[in-house]
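Residues per chain, in single letters:
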Amino acid sequence: MLRTGRTGKVLVAATFQFLADVFMPPGTPTAHGIHRQYTVRQLAIWRHPARFFRGLDGVHLEVQKIIRSTGKFVDDLTARYFRDFHGHLPIISRTRFQSNLIATGASPSADSSVLLLTICLIAYLPSSDRPPREGDKPNIGRQSLYLATKALLAQVQGYLQQPSIRLIQASLLLATYEYANGRPEVALVTIAGCARMAYAARIHNSRRHNMDGGSRLEVEEAGNTWWGIVISERVFICDAGDFGPPMATILPSGDTRLPIDRDILDREDLLSPDSIPDIPVSCLTSTSVISANLRSLEEWKKSSLAALDTATTMVIDMAKWHYSSLPSDGTNDTSPIHIYVVRASMEHMRLRPYDGDRPWSESAVNELQLYLDKLRHQWVASHD
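Residues numbered from 1 in each chain as written. Predicted model: local features only at pLDDT ≥ 70, side-chain atom pairs only at ≥ 80, totals over all residues. Heavy atoms only, no water.

In the nomenclature of an unreviewed UniProt entry, the chain corresponds to Xylanolytic transcriptional activator regulatory domain-containing protein from the organism Petromyces alliaceus. As recorded by UniProt, the Subcellular location (unreviewed entry) comment attached to the chain reads in full: "Nucleus". (UniProt positions renumbered as here; feature names shortened; annotations may be inferred.)

Right, dumping it as structure tokens:
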């Protein structure tokens, strides 16, 4: 029953205004002065993806519809992903991915389709050079694309009996996007679920012997994906402030092999173990014992402060050079982790105790902020 009185009338009026805003035709001005840009079906793509397919049979078609709503070609988006982002997180074999994508006789599986959509989310940058012409359908924004991807991934995960490597990779990419989007707390929640799927699929202890070429490539992908989860979770938690949940992963043991390089992962002739470098984690640790004279706490503080000052100065110098070289359209091949490095430098500049002298100019903070804004342009979603 509706409430009466002034409060009830305001509530009813607000409800009807909301319904009008949602169901008005695209381009109609609302009471808030905002022009509708999406049809009800476009909004429903990410609000209720289950309406458009039953089970997993229609996932690939739905993914194709969502990608078409970006106004971009699949080939262009995947090429940008493997050209720019793949080097920072080499978890997907380009050879195997493209083979699954163009396999004849059947549509790609549901988990492969969701992975494709997540790759497109990473690579998608809406065109802002010109507004849509009259009569053209506006392209979907990054926020809507993100919500559609997250909803579809959750639904496919609910249908699958066993988590697949493709679904785990899609979840890791989604968490990376959330982190780069400035939400490390959300990214930590996503990557925790990703780690649970990885444990369930047992990719954390994959064996790497007695396998044919195709199986070996899949195992190498699994190994790199597990390393990606372990490393990314630790990056995210460094930037999460006081959120600080317990980690979902543990560091690999000393005899675990390090991840392979993307150039090896993308090769088509990955057939024998001899073609893959076998470098265990233990090689990263020094076998020699380093002795150091005991120093006072103040001496350690001075050394740490000097090291942080040096690192921050290096970041400032690199930012000045990189700022001028970033493309004007917002695309770049910078790792999302670089965002944390810049923010950490700005935090050190803000909290550093003042002793009468600073190793950088007063304008350095503003310069880093301008650089950070430009760096994050390709990641921060517009709230469409």
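With that settled, the discussion passes to the overall build of the chain. In terms of helices and strands, the chain carries 14 helices and zero strands. Overall, the chain shows an N-to-C arrangement of helices and strands of α-α-α-α-α-α-α-α-α-α-α-α-α-α. Sequence-distant contacts, at least 24 apart, represent 71% of the contacts inside the chain between residues at least 6 apart. For the chain, the accessible area works out to roughly 21700 Å², and carbon and sulfur atoms hold 57% of it. (Helix = DSSP H or I, 4+ residues; strand = E, 2+ residues; numbered from the N terminus. Contact = heavy atoms within 4.5 Å. Areas by Shrake-Rupley, 256 points an atom, 1.4 Å probe, with all protein chains shown as cover.)

A few words now on helix H14 (residues 364-376). With 13 residues, H14 should cover 18 Å at 1.5 Å per step; its first-to-last C-alpha distance of 18 Å lies within 8% of that length. Among all positions of H14, only Ala364, Leu368, Tyr371, Leu372 and Leu375 are buried. Down the axis of H14, the smallest arc covering the buried residues is 100°, so these residues share one side. Away from its buried face by more than 90 degrees, H14 exposes Asn366 and Leu370. (Expected span 1.5 Å × (residues − 1). Buried < 20%, exposed > 50% of the residue type's maximum accessible area, 1.4 Å probe, protein only. Arc of directions from axis to C-beta.)

Counting 73 residues, the largest nonpolar core has Tyr81, Ile92, Leu173 and Ile229 as the members making the most contacts within it. Looking at this core element by element, the count peaks at 11 residues for helix H8 (residues 165-180). The residues touching Tyr81, leaving out its near neighbours within four places in the chain, are His86, Leu89, Ile92, Ile119, Ile122, Ala123 and Leu173. (Core = buried A, V, L, I, M, F, W, Y, C linked by side-chain atoms within 4.5 Å.)

Moving on to the packing of aromatic side chains. Overall, the coordinates contain six aromatic pairs when judged by the stated rule. Each ring, one from Tyr81 and one from Phe82, has its centre 5.0 Å from the other, and the planes form 90°; the classification is edge-to-face. One residue, Lys374, lies across the ring of Tyr323, its end atom 4.6 Å from the ring centre. (Phe/Tyr/Trp six-rings, centres within 6.5 Å; stacked < 30°, edge-to-face > 60°. Lys NZ or Arg CZ within 6 Å of the ring centre and 35° of its normal.)

Turning to the environment of Leu116, a few remarks are in order. Residue position: Leu116 is located in helix H6 (residues 110-123). Here the alpha-carbon distance between Leu116 and Thr78, two residues 38 residues apart in the chain, equals 8.0 Å. When neighbours within four sequence positions are excluded, Leu116 is seen to be in contact with Val63, Gln64, Ile67, Val74, Thr78, Phe97 and Leu101.

We now examine unusual backbone geometry. Note: most residues except glycine have negative phi, and most peptide bonds are trans. Backbone geometry places Arg202, a non-glycine residue, at a positive phi of 60°. Within the secondary structure layout, Arg202 lies in the loop between helix H9 (184-201) and helix H10 (213-238). Its relative accessible area of 51% is what places Arg202 among the exposed residues.

On to the packing of helix H4 (residues 74-85) against H6. The interhelical angle for the contact between H4 and H6, taken along N-to-C directions, is 70°, at an axis separation of 8 Å. The orientation of H4 with respect to H6, classified from their angle, is roughly perpendicular. The handedness of the crossing between H4 and H6 is left-handed. Each of Val74, Leu77, Thr78, Arg80, Tyr81 and Phe85 in H4 lies in contact with H6, whose residues at this interface are Leu116, Ile119, Cys120, Ile122 and Ala123. Taken together, the residues of the contact of H4 with H6 break down into nine nonpolar, one polar and one charged. (Axes fitted to C-alpha atoms, helices over the stretch in contact; angles between N-to-C directions. Parallel < 35°, antiparallel > 145°, perpendicular 65-115°, else oblique. Left-handed = near helix turned anticlockwise from the far one by under 90°. Nonpolar A, V, L, I, M, F, W, Y, C, P; charged D, E, K, R; others polar.)

Moving on: the environment of Tyr81. Along the chain, Tyr81 falls in helix H4. Classification of Tyr81 as buried rests on a relative accessible area of 0%. Separated by 41 residues in the primary sequence, Tyr81 and Ile122 have C-alpha atoms spaced 7.0 Å apart.

Attention now goes to the pattern of salt bridges. Inspection of the entire model under this criterion finds 10 salt bridges. Notably, a salt bridge pairs Asp309 with Arg352, separated by 2.9 Å at the nearest N-O pair. Pair noted here: Asp309 is in helix H12 (residues 297-325) and Arg352 is in the loop between helix H13 (337-351) and H14, with a separation of 43 residues, a long-range link. Each member of the pair, Asp309 together with Arg352, is buried. (Salt bridge = Lys/Arg side-chain N within 4 Å of Asp/Glu carboxyl O.)

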